[in-house]
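Read off the chains here:
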Amino acid sequence: MINPQKQQPLSQSSDAGFTIMESLMAMLIITILMLGISPMIVLGVANRVQSRRVELAVQAARGYIDGVRSGAIDHPEHKLEMELDGGNNRNQFAQTDAPRPSNLTCDNNSYCENEDDNSIYCIDFDEGGCSSNSSRDLIIQAFRSITSSGDPTNNRSYFLGVRVYRADAFEGRENLKIGHEGAKSKARGPGLSDRKAPLVEMTTEISTGTPDFGLFCQRLGGCN
């Protein structure tokens with residue numbers, strides 16, 4: 001029988017475990033690695049959020065266009081004179097001024113009340129109407145061409161331009177941008193795009209009457 005009083009304690013090696021210096025070095029290495037990959041993680045999340053926002057903006061623009069085409073949404077009141085001569089003046093159509101920043105007063109899925117002649121339409125994602133301090137709501141700027149044969153009141157057709165902005169782009173005093181200005185900010189990637197630039201721009205033709213082959217040829221620059 002072994003006497004417990006005579007049992008020798010286990011010897012401990014000087015190499016067992018981590019010293020304080022080794023622990024600090026390990027923490028320093030982990031910190032450096034985290035600092036290196038954290039921007040990539042943040043950028044990846046930002047890209048995913050912005051990509052989702054652009055996807056919603058595309059859906060909103062198409063839904064608005066379909067609503068105008070079907071008559072469920074009123075034609076925009078913002079009008080631009082443009083002769084439909086084969087599309088030679090469509091560049092001027094694309095240069096239409098952006099709406100001015102303002103405190104939005106908009107009901108859900110309806111045109112907003114604003115001081116501009118611009119027609120801006122609310123796409124409400126967080127209920128209660130669109131607000132200029134909301135990062136979820138979307139605002140559609142819509143404008144249409146007017147010619148001697150292209151006004152809906154003449155039972156013809158017209159070009160419809162649509163830009164989709166974030167609602168919080170209207171916050172503050174900085175002017176909103178149009179596509180060619182926002183292109184520089186978007187060149188760095190969707191996660192770093194300019195909040196004041198449109199998420200989506202579209203141009204389409206709205207027919208409000210019986211199609212006319214002669215007008216179709218006129219838009220193409222003439223038919224032989």
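So, a few notes on the structure that sits alongside this text. This one's a predicted model, so the numbers in the text were calculated from it and none came from an experiment. (Residues numbered from 1 in each chain as written. Predicted model: local features only at pLDDT ≥ 70, side-chain atom pairs only at ≥ 80, totals over all residues. Heavy atoms only, no water.)

1. Details of the pattern of salt bridges
Item 1. Under the counting rule described, the total for this entry stands at six salt bridges.
Item 2. Glu171 is the salt-bridge partner of Arg195, the closest N and O atoms lying 3.9 Å from each other. Of the two residues, Arg195 is situated in the loop between α3 (179–186) and β5 (200–207) and Glu171 in the loop between β4 (157–166) and α3; the sequence distance between them amounts to 24 residues.
Item 3. Among the residues examined, Arg195 registers a relative accessible area of 31% and is labelled partly exposed.
Item 4. Classification of Glu171 as partly exposed rests on a relative accessible area of 37%.
Item 5. Between Lys177 and Asp194 there is a salt bridge whose closest N-O contact spans 2.4 Å. Of the two residues, Lys177 sits in the loop between β4 and α3 while Asp194 sits in the loop between α3 and β5, which places them 17 residues apart along the sequence. (Salt bridge = Lys/Arg side-chain N within 4 Å of Asp/Glu carboxyl O. Helix = DSSP H or I, 4+ residues; strand = E, 2+ residues; numbered from the N terminus. Buried < 20%, exposed > 50% of the residue type's maximum accessible area, 1.4 Å probe, protein only.)

2. Regarding the packing of aromatic side chains
Item 1. For the structure shown, the criterion picks out four aromatic pairs.
Item 2. Look at Tyr64 and Tyr111: their rings are 6.4 Å apart centre to centre, the planes differ by 85°, and that puts the pair in the edge-to-face class. One end of the pair, Tyr64, is in helix α1 (residues 20–70); the other, Tyr111, is in the loop between α2 (90–94) and β2 (119–123), with 47 residues separating them in the sequence.
Item 3. Residue classification places Tyr111 among the partly exposed positions, given a relative accessible area of 26%.
Item 4. Among the aromatic residues, those joined into a ring-pair cluster are Tyr64, Tyr111 and Tyr121.
Item 5. Against the face of Tyr158 rests Arg144, its NZ or CZ located 5.7 Å from the ring centre. (Phe/Tyr/Trp six-rings, centres within 6.5 Å; stacked < 30°, edge-to-face > 60°. Lys NZ or Arg CZ within 6 Å of the ring centre and 35° of its normal.)

3. Overview of the nonpolar core
Item 1. Formed by 20 residues in total, the largest nonpolar core has its most connected members in Tyr64, Val68, Leu138, Ile140, Leu160, Val162 and Val164.
Item 2. Mapped onto this core, the elements with two or more residues apiece are α1, β2, β3 (138–146), β4 and β5.
Item 3. Of all the elements, α1 adds the most residues to this core, at seven residues.
Item 4. Those residues in contact with Ile140 that sit more than four places away from it in its chain are Ala60, Ala61, Tyr64, Ser119, Ile120, Tyr121, Ile123, Val162, Arg163 and Val164.
Item 5. Of all hydrophobic cores here, the second largest spans 14 residues; its members include Ile120, Cys122, Ala167 and Leu176. (Core = buried A, V, L, I, M, F, W, Y, C linked by side-chain atoms within 4.5 Å. Contact = heavy atoms within 4.5 Å.)

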